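# Tertiary structure, described
So the chains spell out like this:
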Amino acid sequence: MIRHWYLIFLLLVPVYGQGCSSTCPPLDSGVPVPSLCTDDNLPSSSQEHPTCWPSSPTTVNFDDLALQYDVIVISNYFVGCNAGRRESGVYAYSSQRLHDEHPNVVFVSSVKGGGCETWTDRYNDFAEDEFGLKPTTMPITIEDASYAVRDLLFTSPYPHPSYVVLDSSLKVRDKFVGPCCGYESYTDCSVATAKTLDSTLQTAVEAVLSDPAVRPSLSPTTLPTPAPTAVLATPSPPPTPASTSSLAPSPSWTPWSSCSATCGKHGIKYRTLEEESVETAPCDEADALPDCTTCSPGSFTVSVLHDGFDEPSDVKLHPTPGLHLGAFSSGRDFPTTGPEAWVSNRGNHSISVIPAAGTFEQTSFNRVDRGYFHYNSEIAAISFNKVDDSGRDSDRDTFNYFATCQGNPNDYLQTKTANYFMGPSLYNSSPDNRNLVNKMGKACEEFEECYFLHSDMLHEAPHCTGIVHDPETLTGYGTVFWQVDGWNNELVRFDFQKPHGPGSMDHAVAAIRRYPEVKITPNLGKHTGMVIDASTGNLYFSDYENKKIVVMDTTSGAYARTARIEYPIYSSRLPSFEYSIYECALFKDFASIDKPTGLALFDGKLYVASVGSPSISVFSLVTSELLFTIPLPETHVDIAGMDIDTDTQMLYYVDATLDVLSSVDISASSTCSNDESLSTTWALSTAPASTFERFNCTVNATLPPDSLFDQVHVDSGYASEDQAV
């Protein structure tokens, strides 16, 4: 049952953007934000962007478009923006008209916030009704669900609707904000005002076409031979001799996969035919594999590393040990080598840092947020961005950031009535740039007592029990986390996008997506384990009350409708803030186990803890088979979060009742199994059969009513405007 939230704070705060100015780089609180501006060159951009109209191409990338066209025009729209709604119809008309006149010019529209096809139908109808021209091939419309186009060309807080004009070398020739920007309602911007976009676009396009540098081999008045009406997603191949047959080439089998086994004599391999047929065969090298060994209590060594925590809920290893504390912090020396465990304490709303965990140099240090009563109230879980090779620019890469989620409805330590304005908090674990502050909220010196200062927070999922970072590399900043909403028993995907940074409470830029079809019944007092297999995008989570592990394809699902009506508490009313409901995601039960909690992933195996059992169960990712169990001390029966150091093959876990951090040497796991033990390479390759049952599921997407949006920045959602908090 969906519960309707009943209270949200709306308060006036300063505008952090730059209004409707075309100033580039854009200004955030007066500070220039690195962005592509006029005369800058777009880096090589081969990323494929999915399209929703026309039917072909299904994807486009800017590198390929630059090989086919002399001019590329790209628009930036948010579905909740009235100005964008007004201008999009004019842009549709201009795109088709100018492309018909200049076939060497291509127009692209990028739509954010969902409902891409519905949006396209609307602006195409406007173009036909208002101008008598029905768009048939232009503009190619990108469903910018990852916000990759926005972050590449229209970096926040650049205003919208907005436009970029590129030449064939992908140089920015013009960049400007549309004429309806700043108008509150759809009708406030008159048709006459909106129509000025047409002449602006024509002037910008012709300015590029008249430049001999665009195509040095062409005179300014000579245009290339018109391109075909249908735009291809990839450049046309060089001419080839005419084929003697019109038949398409016969499909061929893929190469054989690697062997499924690392030991024993029953491994198999597979190959596929156009992702439809699957063929399996015994491994050729099976006879050369070592024999498997039998698990025994002596195969695994368990060590208690640290005690004295306060209801520890989770443990995660810092991807860069020594980064946060350094060799000296808060008047103390710290080791900077060896594994560094971070333990979240639900009982006292803090994080314990354990440098050099499990070594003779091991020590500990406790740290809190100055506003722990909100940002870290009853921390239920913690997760790091551990992707150190995402390919993102350094000023956008959030490697070493971490997020916490709070098992609280936001009652400020029971001093206020809960308002359910609660969700994940994002932090930069670097001690620089005011990520740490002293008691007065000023930058912290190394001899002072320091406090966390959050980089961002979102507020759509109270009573959290688990969180995990998504290692995807499509989004601009890598700040996607999946979290359990324990109040509505649902999964929620949080994309912080560009973090607002310490000392700000601006939540205008983010994308939150709810998956109400993926149900979970957590125990609000227990940790929900969550892990994502980076090779497949599959999310595994423990469902405590339903006694099972569930797996979901995080790349599946589609926008259905806005979440602002059914879930009326959210962080911002601006159109640049997406809050959506997604449907038709693929998920299924993975394994049955009583009262599951912590999860960890390594070497093609899923490690699962369960309350009441002094053991860890180990399952095959491919077959869901229980491979073996790891025995623990008989008193360790309330295991919460877990993590694995893949270099040392050491598993770390916390016990929420004993208040201890322990480690288990799992190096024997590669051969301690039955003779169907699955290898890493097998688990990381495509499974021989579809992981999920495919079903006919159609989403009837609807655009949100404009009454749900503020067109001007007016609120932060907080009861306090103290930015130092």
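Calculation rules
- Residues numbered from 1 in each chain as written.
- Predicted model: local features only at pLDDT ≥ 70, side-chain atom pairs only at ≥ 80, totals over all residues.
- Heavy atoms only, no water.
- Helix = DSSP H or I, 4+ residues; strand = E, 2+ residues; numbered from the N terminus.
- Buried < 20%, exposed > 50% of the residue type's maximum accessible area, 1.4 Å probe, protein only.
- Areas by Shrake-Rupley, 256 points an atom, 1.4 Å probe, with all protein chains shown as cover.
- Core = buried A, V, L, I, M, F, W, Y, C linked by side-chain atoms within 4.5 Å.
- Contact = heavy atoms within 4.5 Å.
- Salt bridge = Lys/Arg side-chain N within 4 Å of Asp/Glu carboxyl O.
- Disulfide = S-S within 2.5 Å.
- Pairing = 2+ DSSP bridges.
- Axes fitted to C-alpha atoms, helices over the stretch in contact; angles between N-to-C directions.
- Phe/Tyr/Trp six-rings, centres within 6.5 Å; stacked < 30°, edge-to-face > 60°.
- Lys NZ or Arg CZ within 6 Å of the ring centre and 35° of its normal.
- Patch = residues over 30% accessible without salt bridge, like charges linked within 9 Å, V, L, I, M, F, W, Y side chains within 5 Å.
- Lys, Arg positive; Asp, Glu negative; His and termini not counted.
- Charge placed at Lys NZ, Arg CZ, Asp CG, Glu CD.
- Left-handed = near helix turned anticlockwise from the far one by under 90°.
- Nonpolar A, V, L, I, M, F, W, Y, C, P; charged D, E, K, R; others polar.
- Polar contact = N/O pair within 3.5 Å; in protein donor to acceptor, adjacent residues only side chain to side chain.
- pLDDT = per-residue confidence, 0-100.

Quick look at the overall build of the protein now. For the protein, the count of helices and strands is seven helices and 41 strands. Looking at the 725 residues of the protein, the share that counts as buried comes to 57%. If you sum the accessible surface of the protein, you get close to 28300 Å²; carbon and sulfur atoms cover 52% of it.

Phe62, Val73, Ile74 and Leu153 are the most contacted members of the largest nonpolar core, which has 62 residues in total. A total of seven residues in this core trace back to one element, the largest contributor, which is helix 5 (residues 191-209). Contacts of Phe62, omitting those with residues within four sequence positions, involve Leu42, Ser45, His49, Ile72, Ile74, Ile142, Val149, Leu152, Leu153 and Leu170.

With that settled, the discussion passes to the pattern of salt bridges. Summed over all chains, the structure comprises 25 salt bridges. A salt bridge links Arg561 to Glu566, with the nearest nitrogen and oxygen atoms 2.7 Å apart. Three or more residues are tied together by salt bridges with common partners; here these are Asp485, Glu490, Arg514 and Lys519.

Right, let's talk about the state of the cysteines for a bit. Per the stated rule, a full pass over the model turns up seven disulfides. One disulfide bridge connects Cys52 with Cys116, the sulfur atoms lying 2.0 Å from each other. With the S-S bond torsion at -65°, the cross-link from Cys52 to Cys116 turns out left-handed. Of this pair, Cys52 sits in strand 3 (residues 49-53) while Cys116 sits in helix 3 (residues 116-131), and the two are 64 residues apart along the sequence. Judged by relative accessible area, Cys52 falls into the buried class, the value being 15%. Across the disulfide, Cys444 is cross-linked to Cys450 (sulfur-sulfur distance 2.0 Å). One disulfide, between Cys444 and Cys450, carries an S-S torsion of -80° and so falls in the left-handed class. For the pair shown, Cys444 and Cys450 are each scored as buried. Between Cys81, a cysteine without a disulfide, and Cys181, which holds the nearest cysteine sulfur, the sulfur-to-sulfur distance is 7.1 Å.

Right, let's talk about the sheet that holds strand 33 (residues 577-583) for a bit. Hydrogen bonding along the main chain pairs the strands of a sheet, whether they run parallel or antiparallel. Sheet architecture is open: six strands sit in the order 25-26-27-28-33-32, paired in mixed fashion. The two strands at the open ends of the sheet, each matched to only one other strand, are strand 25 (467-469) and strand 32 (558-562). Shown here is a sheet whose adjacent strand axes are inclined to one another by a mean of 30°, direction ignored. Pairing between strand 25 and strand 26 (residues 480-485): three bridges, direction antiparallel. Looking at strand 26, one finds that His469 is bridged to Phe481.

One pass over the structure, following the stated rule, counts 29 aromatic pairs. Residues Tyr93 and Phe131 carry aromatic rings whose centres are separated by 3.9 Å and whose planes lie at 5° to one another, so their mutual orientation is stacked. With Tyr93 in helix 2 (residues 82-101) and Phe131 in helix 3, this residue pair connects regions lying 38 residues apart in the sequence. Taking relative accessible area as the criterion, Tyr93 reaches 15% and is therefore assigned buried. Here the aromatic cluster, defined as three or more aromatic residues joined through ring pairs, consists of Tyr77, Tyr91, Phe107, Trp119, Tyr123, Tyr163 and Phe176. Its guanidinium or amino end placed over the ring of Tyr158, Lys175 lies 4.5 Å from that ring's centre, counting from NZ or CZ.

The omega torsion across Ser56 and Pro57 is 5°, close enough to zero to call that bond cis. Summarising the element assignment, Pro57 is placed in the loop between strand 3 and strand 4 (59-60). Residue Pro157 is reached from Ser156 by a cis peptide bond, and omega for that bond is 15°. Among the structural elements, Pro157 can be located in the loop between helix 4 (148-153) and strand 8 (162-167). In this structure, Cys584 takes a positive phi of about 65° despite not being glycine. With respect to the helices and strands, Cys584 occurs in the loop between strand 33 and strand 34 (587-592). With a phi close to 60°, Asp659 is a non-glycine residue in the positive phi region.

Once that is clear, we can look at a negative patch on the surface. On the surface, Glu117, Asp121, Asp125 and Asp129 cluster together into a patch of negative charge. With respect to the helices and strands, Asp125 occurs in helix 3.

Right, let's get into the environment of Val509. Its location among the elements puts Val509 in the loop between strand 27 (490-495) and strand 28 (510-519). For the pair Val509 and Phe577, spaced 68 residues apart in the sequence, the C-alpha separation amounts to 5.1 Å. Once residues within four sequence positions are removed from consideration, Val509 is found in contact with Arg150, Ser156, Phe496, Gln497, Lys498 and Ser576.

Once that is clear, we can look at the packing of helix 2 against helix 5. At their nearest, the axes of helix 2 and helix 5 sit 9 Å apart, and the two run at 35° to each other. In this structure, helix 2 crosses over helix 5, and the sense of that crossing is right-handed. For the pair helix 2 and helix 5, the contacting residues are Arg86, Glu87, Val90, Tyr91, Tyr93, Ser94, Arg97 and Leu98 in the first and Val191, Ala194, Lys195, Leu197, Asp198, Leu201 and Gln202 in the second. Split into classes, the residues belonging to the contact of helix 2 with helix 5 amount to eight nonpolar, two polar and five charged.

Glancing now at the sheet that holds strand 30 (residues 538-543). Strands sit in the order 29-30-31-34 across an open sheet of four strands; the sheet is antiparallel. Only two strands of the sheet have a single neighbouring strand rather than two, namely strand 29 (530-533) and strand 34. With direction set aside, neighbouring strand axes in the sheet form an average angle of 25°. Where strand 31 (residues 548-553) meets strand 34, five bridges bridge the pair, whose relative direction is antiparallel. Paired with Ile549 across the bridge in strand 34 is Ala591.

In this section: the side chain of Lys605. Looking at the secondary structure, you find Lys605 in strand 36 (residues 605-610). Judged by its relative accessible area of 1%, Lys605 is buried. A polar atom in the side chain of Lys605 sits 3.2 Å from the side chain of Asp603.

At a minimum axis distance of 8 Å, the contact between helix 2 and helix 3 shows a crossing angle of 65°. Of the two possible hands of crossing, helix 2 and helix 3 adopt the one that is right-handed. Side by side, helix 2 and helix 3 meet where Gly84, Arg85, Arg86, Ser88, Gly89, Val90, Ala92 and Tyr93 of the first sit next to Trp119, Arg122, Tyr123, Asn124, Phe126, Ala127 and Phe131 of the second. Looking at the contact of helix 2 with helix 3 residue by residue, the classes come out as eight nonpolar, four polar and three charged.

We now examine the confidence of the model for the protein. Looking at the protein as a whole, its pLDDT mean stands at 86, while 84% of the residues score no less than 70. Within the model, the stretch residues 216-248 combines pLDDT values under 50 with 31 contacts to residues more than four positions away or in other chains. With pLDDT under 50 throughout, residues 683-690 is counted as low confidence; its partners more than four residues away or in other chains account for 12 contacts.

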